[in-house]
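One letter stands for each residue in the lines below.
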Amino acid sequence: ERSNRIFREEFYARSDLQAESLGTFRAELKHAVDKYNSYRPHFSLNGLTLFEYTNHILAAPLQSHFL
């Protein structure tokens, strides 16, 4: 999947990633996930972040497909 490739290329391949403990590694990973969801625009979402796209969907009125 795309997110797996992005994390492999942008997080796990970082040469400066040297976590001293599992807790430090988890904090770094959480920061990377937050960046991916909140700040990184996605081409498939017309340049929106995942956070912006989700808020847009939740703000839209519900429509029935049965009418």
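You'll find the structure just up there.
Analysis parameters
The written sequence of each chain sets the order in which its residues are numbered from 1. Reporting of local features is limited, given that this is a predicted model, to residues whose pLDDT is at least 70; pairs of side-chain atoms are given and counted only at 80 or more, and all residues count toward the totals for whole chains, interfaces and linings. The side-chain numbers reported here are obtained from all heavy atoms of the structure, hydrogens and water having been left aside. In this analysis, the protein atoms alone were mapped onto a 1 Å grid. Cavities are point sets where a 1.4 Å probe fits without being able to get out; pockets are open sets with protein on both sides within 12 Å along at least five of seven lines; lining residues have an atom within 4 Å of a point. Grid points are joined across faces, edges and corners, and a volume is the space filled by probe spheres set on the points. To qualify as a helix, a DSSP run of H or I must reach at least 4 residues; to qualify as a strand, a run of E must reach at least 2; elements of each kind are numbered from the N terminus. Residue type decides the class: Asp, Glu, Lys and Arg count as charged, Ala, Val, Leu, Ile, Met, Phe, Trp, Tyr, Cys and Pro as nonpolar, and the leftover types, Gly among them, as polar. To define a nonpolar core, start from buried Ala, Val, Leu, Ile, Met, Phe, Trp, Tyr and Cys residues and group those joined through side-chain atoms within 4.5 Å. When a residue's accessible area, from a 1.4 Å probe over protein chains only, is under 20% of the maximum for its type it is buried; when over 50% it is exposed; and in between it is partly exposed. Whether two residues touch is decided by their heavy atoms; if any such pair falls within 4.5 Å, the residues are in contact.

**Re the layout of surface pockets**
Regions of empty space are outlined by a rolling probe, equal in size to a water molecule, passed over the atoms. Quantified by volume, the largest pocket comes out at close to 180 Å³. Lining of the largest pocket is provided by Ile6, Phe7, Glu10, Phe11, Arg14, Glu28, His31, Ala32, Lys35, Tyr36 and Arg40. When residues of the lining of the largest pocket are traced back to their parent elements, those giving at least two are α1 (2-12) and α2 (22-38). Here the lining of the largest pocket is composed, by residue class, of five nonpolar, one polar and five charged. For the second largest pocket, the calculated volume is near 150 Å³. In terms of lining, the second largest pocket is formed by Arg2, Ile6, Tyr36, Arg40, Pro41, His42, Phe43, Ser44, Leu45 and Leu50.

**So, the nonpolar core**
Proteins that are soluble and globular tend to have nonpolar side chains buried together. Counting residues in each nonpolar core, the largest one holds six residues, listed as Ile6, Phe7, Phe11, Leu17, Ala32 and Tyr36. Of all the elements in the fold, those that place two or more residues in this core are α1 and α2. Per-element tally for this core: the top contributor is α1, with three residues. The residues contacting alanine 32, other than those within four sequence positions of it, are Phe7 and Phe11.

**Details of the side chain of histidine 42**
Relative to the elements of secondary structure, histidine 42 occurs in the loop between α2 and α3 (50-59). Histidine 42 has contacts with Tyr36, Gly47, Leu48, Thr49 and Leu50, leaving out every residue within four places of it along the chain.

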